[in-house]
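For reference, the chains in residue letters:
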Amino acid sequence: MKNGTQDSTDRAVPLPFRRILVTGGHGFLGHHIVPRLRAACSGEILTPGRADYDLLEPGAADRLLRDTTPDCVVHLAAKSGGILDNRLRPADYFYENLTINTAVLHAAWRAGVKKLLTLMGGCSYPAAAVSPIGEDQMWQGYPQAESAGYSVAKKMLLVQSAAYRAQHGFNSLVLIPGNVYGEWDNFNLTQAHVIPALIRRFSEAREAAAPEVVCFGSGQPTRDFVYAGDIARLIPWFLARYDSSAPVNLSTGTRIRIRELAETIRGLTGYAGRIEWDAAQPDGQMDKIFDVTRLRGLGLACPTSLADGLRRTIAWFDDVRVTGDVRL
Ligand SMILES: NC(=O)c1ccc[n+]([C@@H]2O[C@H](COP(=O)([O-])OP(=O)(O)OC[C@H]3O[C@@H](n4cnc5c(N)ncnc54)[C@H](OP(=O)(O)O)[C@@H]3O)[C@@H](O)[C@H]2O)c1
């Protein structure tokens, strides 16, 4: 239990599966989710990587399912990255995500898997969605153009999940984490999301005693960030208790301005220089907050405060920069 709050996930949720296959289990969220699965399930947890089964290769998903014979799949393998990389490689984001997801869900159904859980992202919501963004807004418009290759491909998970449930009775679920951050995130500046990018830039500026750090945009947009450890804590609950293709937002629903986020990270990293805002760079959506009414209705929450989550992430980043066990 964290922060003195309690929700349904604090009551132990033993998972009745014989063998859970996790794709993408060595990625950012996999590092948080796999230990939670190990704690909740007495069966085997298998985490083969891309070197074992490259899911872009024809037939690889079928082979993976045939070789591992799981009764549950947690599908995390994806090509994911920040806005800069999405702008550079929209075709790769589209093709790889559509190909991997279509193949893995299909192979899992054919293999007789009892339950599959997968994640899509909040960027799949329409660019014009009105905050707080509820799950019912998903199909009300086209997503932000710069990352549409990724986000439209990911959105097909919802269609595939509902279609396979309707035709085959296949029990798959699709959850929608908001803007996730935490230990094991990607700190490579062309691929990173905003929080790891800021942590890295302020940490390096502190060490170089740089007088200023230039941040993109006006700093005025507002966002809602969720700690990866909170997402991981929810996964066993959904595997045990949720049987629907209706998506659920996993976030805090708490609004923070990017300018305030940058100031907070500056303080926590110990950087003493100035922040300059390059307002010539695009801001993206001005207000993007997720509606977590559905999550709360299930008795669940993402309770870690931004300050606590940032402190843990920064402490981790300081350690792993020395050992090199981080994506830079
Ligand atoms: N991070 C976020 O903010 C966020 C937010 C919402 C939703 N999500 C979703 O959560 C899931 C996990 O994201 P993440 O941030 O943990 O991503 P990540 O750190 O990039 O990890 C992705 C994993 O997918 C594997 N993978 C990629 N291409 C593959 C292929 N062709 N064959 C087999 N494995 C492949 C990678 O393996 P290698 O390392 O071996 O390449 C890696 O382990 C994704 O579905 C993502 O869309 C993430």
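Up top is the structure.
Keep in mind that this is a model prediction, so the values were computed, not measured. (Residues numbered from 1 in each chain as written. Predicted model: local features only at pLDDT ≥ 70, side-chain atom pairs only at ≥ 80, totals over all residues. Heavy atoms only, no water.)

Trainee: Is there a simple way to think about the site of the ligand in this case?
Mentor: Inspection of the region around the ligand gives 25 residues, with Phe28, Leu29, Tyr150, Lys154 and Arg327 positioned closest. Surface burial for the ligand is 86%, taken as the share of its 900 Å² of free accessible area covered by protein chains. Going through the elements one at a time, helix 1 (28-40) and helix 5 (148-168) are the ones with two or more residues in the shell around the ligand. Within the shell around the ligand, the residues separate by chemical class into 14 nonpolar, seven polar and four charged. (Near = heavy atom within 4 Å. Areas by Shrake-Rupley, 256 points an atom, 1.4 Å probe, with all protein chains shown as cover. Helix = DSSP H or I, 4+ residues; strand = E, 2+ residues; numbered from the N terminus. Nonpolar A, V, L, I, M, F, W, Y, C, P; charged D, E, K, R; others polar.)

Trainee: Would you mind showing me how to read the sheet that holds strand 5 (residues 172-177) here?
Mentor: Neighbouring strands of a sheet are bound in pairs by backbone hydrogen bonds; such pairs are parallel or else antiparallel. Strands sit in the order 2-1-3-4-5-10 across an open sheet of six strands; the sheet is parallel. In this open sheet, the two strands that pair with only one neighbour each are strand 2 (44-46) and strand 10 (248-250). This sheet shows a mean twist of 20° between the axes of neighbouring strands, independent of strand direction. Direction of pairing for strand 1 (residues 19-23) relative to strand 3 (residues 72-75): parallel, over a ladder of four bridges. Looking at the pairing, Leu21 lines up with Val73 of strand 3. Sitting on the sheet, helix 5 touches strand 4 (115-119) and strand 5, and the angle it makes with strand 5 is about 155°. (Pairing = 2+ DSSP bridges. Axes fitted to C-alpha atoms, helices over the stretch in contact; angles between N-to-C directions. Contact = heavy atoms within 4.5 Å.)

Trainee: Before we go on, may I ask you to explain helix 8 (residues 258-269) in this structure?
Mentor: Between its first and last C-alpha atoms helix 8 spans 16 Å; for twelve residues at 1.5 Å apiece the expected length is 16 Å, and the two agree. Turning to helix 8, its buried residues number three or more, namely Ile258, Leu261, Ala262, Ile265 and Thr269. The buried residues of helix 8 occupy an angular sector of 95° when the element is viewed end-on, so they sit on one face. Buried-residue contacts for helix 8 involve helix 6 (194-208), strand 8 (222-223), strand 9 (225-227), strand 11 (256-257), strand 12 (274-278) and helix 10 (306-323). Gly270, located one to two residues past helix 8, shows a positive phi value of around 80°. (Expected span 1.5 Å × (residues − 1). Buried < 20%, exposed > 50% of the residue type's maximum accessible area, 1.4 Å probe, protein only. Arc of directions from axis to C-beta.)

Trainee: I'm lost on the environment of Gly284 in this one. Help?
Mentor: Among the secondary structure elements, Gly284 is positioned in the loop between strand 12 and helix 9 (293-297). In the structure, Gly284 is positioned 63 residues away from Pro221 in sequence and 7.7 Å away in space, judged by C-alpha atoms. Discounting chain neighbours no more than four positions away, the residues touching Gly284 are Gln144 and Arg223.

Trainee: How should I be thinking about the packing of helix 1 against helix 7 (residues 228-241) in this particular structure?
Mentor: A pair of packed helices is captured by two measures, namely the crossing angle of their axes and the spacing between those axes. In contact at an axis separation of 8 Å, helix 1 and helix 7 are set at 45° when each is read in the N-to-C sense. Taken together, helix 1 and helix 7 sit at an angle that is classed as oblique. The handedness of the crossing between helix 1 and helix 7 comes out as right-handed. For the pair helix 1 and helix 7, the contacting residues are Phe28, Leu29, His32, Ile33, Arg36, Leu37 and Ala40 in the first and Ala228, Gly229, Ile231, Ala232, Arg233, Ile235, Pro236 and Leu239 in the second. Here the residues of the contact of helix 1 with helix 7 sort into eleven nonpolar, two polar and two charged. (Parallel < 35°, antiparallel > 145°, perpendicular 65-115°, else oblique. Left-handed = near helix turned anticlockwise from the far one by under 90°.)

Trainee: I tried to follow the packing of aromatic side chains on my own but got confused; where do I start?
Mentor: The relation between two aromatic rings is expressed through the spacing of the ring centres and the mutual angle of the planes. Per the counting criterion, the structure on display carries ten aromatic pairs. Taking 5.8 Å as the distance between ring centres and 85° as the angle between the ring planes, the aromatic pair formed by Trp109 and Tyr164 counts as edge-to-face. Of this pair, Trp109 sits in helix 4 (residues 90-110) while Tyr164 sits in helix 5, and the two are 55 residues apart along the sequence. Above the face of the Tyr93 ring, Lys79 is positioned so that its terminal group lies 4.8 Å from the ring centre. Taking NZ or CZ as reference, Lys155 lies 4.9 Å from the ring centre of Trp139, over its face. (Phe/Tyr/Trp six-rings, centres within 6.5 Å; stacked < 30°, edge-to-face > 60°. Lys NZ or Arg CZ within 6 Å of the ring centre and 35° of its normal.)

Trainee: Please explain the nonpolar core as it appears in this structure.
Mentor: Soluble globular proteins: nonpolar side chains tend toward being buried together. Formed by 37 residues in total, the largest nonpolar core has its most connected members in Ile20, Leu37 and Phe238. Elements supplying a minimum of two residues to this core: strand 1, helix 1, strand 3, strand 4, strand 5, helix 7 and strand 10. Looking at which element gives the most residues to this core, the answer is helix 7, with eight residues. With residues near it in sequence (within four places) discarded, Ile20 still touches Leu15, Leu37, Cys41, Glu44, Ile45, Leu46, Cys72 and Val74. With 28 residues, the next largest nonpolar core counts Leu65, Ala107, Tyr125 and Phe290 among its residues. (Core = buried A, V, L, I, M, F, W, Y, C linked by side-chain atoms within 4.5 Å.)

Trainee: Honestly, the environment of Ile176 in this entry has me stumped. Any pointers?
Mentor: Among the secondary structure elements, Ile176 is positioned in strand 5. If we ignore the near neighbours within four places in the chain, the residues touching Ile176 are Met120, Gly121, Gly122, Tyr125, Met138, Pro247, Val248, Asn249 and Leu250.

Trainee: Can you help me understand helix 6 in this one?
Mentor: Structurally, the α-helix is built with 3.6 residues per turn, so residues lying three or four positions apart point the same way. Taking 1.5 Å per residue, 15 residues should reach 21 Å; helix 6 reaches 21 Å between its end C-alpha atoms and fits that length. Restricting attention to buried positions, one finds in helix 6 the residues Ile195, Pro196, Ala197, Leu198, Ile199, Arg200, Phe202, Ser203 and Ala205. Residues of helix 6 that are buried make contact with strand 6 (179-181), strand 7 (212-216), strand 9, helix 8, strand 12 and helix 10. One or two steps after helix 6, the chain reaches Ala209, where phi turns positive at roughly 50°.

Trainee: Would you take a moment to explain the side chain of Ser124 for this structure?
Mentor: Summarising the element assignment, Ser124 is placed in the loop between strand 4 and helix 5. The class for Ser124 is buried, based on a relative accessible area of 0%. Each residue touching Ser124, except ones within four places of it in the same chain, is listed here: Met138, Pro143, Ser151, Lys154 and Lys155.

Trainee: It is not clear to me how the environment of Pro16 should be interpreted in this structure. Could you clarify?
Mentor: Looking at the secondary structure, you find Pro16 in the segment before strand 1. Sequence separation between Pro16 and Ala163 is 147 residues; the distance between their C-alpha atoms is 25 Å.

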